Amino acid sequence: LRNLLIKHLSEEEQADFKAIERGEKTPSLMSDIIAKKIFDPDAHSDRMNYLLREITGEDDVYVDSSNSNEGYIMASNSKKVVFDINTKLQDKRNVDLEFQISAQNHFLKRGEIYGSDLLLLQYSVEEGQKKKEVDYSDIKGVIIIFLMKHSPKEFKECKSERYIHRFTENKSDSGFVFPTLTQHIYVQLDKCFEQFKLGADGENNKRLQLLLSLMADSNDEDVRKKIIGDKMFEDIISEANGIVAERTVLNMILAEK
């Protein structure tokens, strides 16, 4: 089965996988298997706190714990929403962190659906809880973050130098503005990495840019040189390399590819 899976990869992908297998390359930090380990909110709350604070621009973000990765089922024939990393914050908000490798053209619609699903979870009563104990004032809000390794067309056409796009409010045609319960954030890793290579930074946040560039390409020589001396980043690479030392994990990454 393993050999059959390898044959379905391109020559470049095969060479890349075999280099990871030999320990010569670090696996992609965007792999679901790797990402869910190195950014586990229970095991690595420090990493998640840093990533979420810098991406949201909120200094008071504190991770509380991991949350269920399955969304709210309204009916037996409803499609199930499965989140990559669903985290509960200490202020009771929910954060969904999505790691996206392919350039899908429906990120914006997915963000709306995922946000609605997490809001419904907050509005639902828990076992043993009375319905009257939950009302609209109990809804603390949701943050949906898409880390995009390859930006879809809509984002590539954006003329801004910024590579983090935060949607935090609704605005009517009359000019009336109010904050949304669901904050959507889209991060262009490819644009971030391209600016890193050129010595530019549209977000003016060099350390965050370095982490996002590491996620865009975990084996780039310039990125790897820059992370030397940064313990958190070095630990991330060390852990990622350690994870794939197990044969079963390698097979899972192969199947994922």
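The notes below deal with the structure included here. These figures come from a predicted structure and were not determined experimentally. Starting afresh in each chain, residues are numbered from 1 along the sequence in its written order. In keeping with the model being predicted, local features are shown solely for residues with a pLDDT of at least 70 and side-chain atom pairs are shown and tallied solely at 80 or more, while totals for entire chains, interfaces and linings include all residues. No hydrogens and no water enter the side-chain calculation; it runs on all heavy atoms of the structure.

## Let's talk about the environment of phenylalanine 99
Runs of E in the DSSP output that reach at least two residues are strands. Runs of H or I that reach at least four are helices, and both are numbered from the N terminus. Relative to the helices and strands, phenylalanine 99 is located in strand β3 (residues 94-100). Judged by its relative accessible area of 4%, phenylalanine 99 falls in the buried class. Placed 70 residues apart in sequence, phenylalanine 99 and leucine 29 show a C-alpha to C-alpha distance of 9.1 Å. Any two residues having at least one pair of non-hydrogen atoms within 4.5 Å are treated as being in contact. Leave out the neighbours within four places in its chain, and phenylalanine 99 touches Leu29, Met30, Asp32, Ala35, Phe39, Asp84, Ile85, Leu147 and Met215. Whether a residue is buried, partly exposed or exposed follows from its accessible area with a 1.4 Å probe, protein chains only, as a fraction of its type maximum: under 20%, in between, or over 50%, in that order.

## Notes on the packing of aromatic side chains
Think of a pair of aromatic rings as described by two things: how far the centres are apart, and how the planes are tilted against each other in angle. Each aromatic pair joins two rings of Phe, Tyr and Trp (for Trp, the six-membered one) with centres within 6.5 Å, and gets the label stacked for planes under 30 degrees apart, edge-to-face for over 60, and tilted for any other angle. Under the counting rule described, the total for this entry stands at five aromatic pairs. Their ring planes at 25° and their centres at 6.1 Å tell us that phenylalanine 39 and phenylalanine 99 sit as a pair that is stacked. With phenylalanine 39 in the loop between α3 (32-38) and α4 (45-56) and phenylalanine 99 in strand β3, this pair connects stretches of sequence that are 60 residues apart. The buried category is assigned to phenylalanine 39, whose relative accessible area is 1%. An angle of 10° between the planes, with centres 5.4 Å apart, marks the rings of phenylalanine 146 and tyrosine 186 as stacked. Of this pair, phenylalanine 146 sits in strand β4 (residues 142-148) while tyrosine 186 sits in strand β6 (residues 177-188), and the two are 40 residues apart along the sequence. With a relative accessible area of 0%, phenylalanine 146 lands in the buried category. What links up through ring pairs into an aromatic cluster is the set Phe146, Phe155, Phe167 and Tyr186. Charge-over-ring contacts are defined here by two conditions on Lys NZ or Arg CZ: a distance within 6 Å of the ring centre and an angle within 35 degrees of the ring normal. One cation-aromatic arrangement involves arginine 53 over tyrosine 62; the distance from NZ or CZ to the ring centre is 4.4 Å.

## Details of the pattern of salt bridges
Just to be clear on terms, a salt bridge is a Lys or Arg side-chain nitrogen sitting within 4 Å of an Asp or Glu carboxyl oxygen. Overall, the coordinates contain 11 salt bridges when judged by the stated rule. Among the charged side chains, a network of salt bridges with common partners joins Glu58, Asp91 and Arg93.

## Side note on the side chain of lysine 191
Residue position: lysine 191 is located in helix α7 (residues 189-198). For the buried lysine 191, which has no salt bridge, the nearest side chain bearing the opposite charge is glutamate 161, at an N-O separation of 6.2 Å. Two N or O atoms form a polar contact when they lie within 3.5 Å of each other; inside protein one atom must be a possible hydrogen donor and the other a possible acceptor, and for residues adjacent in sequence the pair counts only when both atoms belong to side chains. A polar atom in the side chain of lysine 191 sits 2.4 Å from the backbone oxygen of serine 160. Non-local contacts of lysine 191, meaning those with residues more than four positions away in its chain, are made with Cys158, Ser160, Glu161, Arg162 and Tyr163. We treat Lys and Arg as the positive residues and Asp and Glu as the negative residues; His and chain ends play no part in the count.

## What to know about the environment of phenylalanine 146
As a C-alpha pair, phenylalanine 146 and glycine 111 span 35 residues in sequence and 8.0 Å in three-dimensional space. Excluding residues within four positions of it along the chain, phenylalanine 146 makes contact with Glu98, Gln100, Phe107, Arg110, Gly111, Tyr114, Ile185, Tyr186 and Val187.

## Here's the deal with the nonpolar core
Side-chain atoms within 4.5 Å link the members of a nonpolar core, which is a set of buried Ala, Val, Leu, Ile, Met, Phe, Trp, Tyr and Cys residues. The biggest cluster of nonpolar side chains holds 54 residues, and the ones touching the most others in it are Phe39, Phe99, Ile145, Leu147, Val187, Leu212 and Met215. Counting residues per element, this core draws most heavily on helix α8 (residues 206-216), which supplies seven residues. Phe107, Tyr114, Val142 and Tyr186 belong to the second-largest nonpolar core, a separate cluster that totals 10 residues.

## Thoughts on α4
Each residue after the first adds 1.5 Å to the expected span of a helix. With 12 residues, α4 extends 16 Å between its outermost C-alpha atoms, agreeing within 8% with the 16 Å of an ideal straight helix rising 1.5 Å per residue. Buried within α4 are the following residues: Arg47, Met48, Asn49, Tyr50, Leu51, Leu52, Ile55 and Thr56. At the exit of α4 stands glycine 57, carrying a positive phi of roughly 80°.

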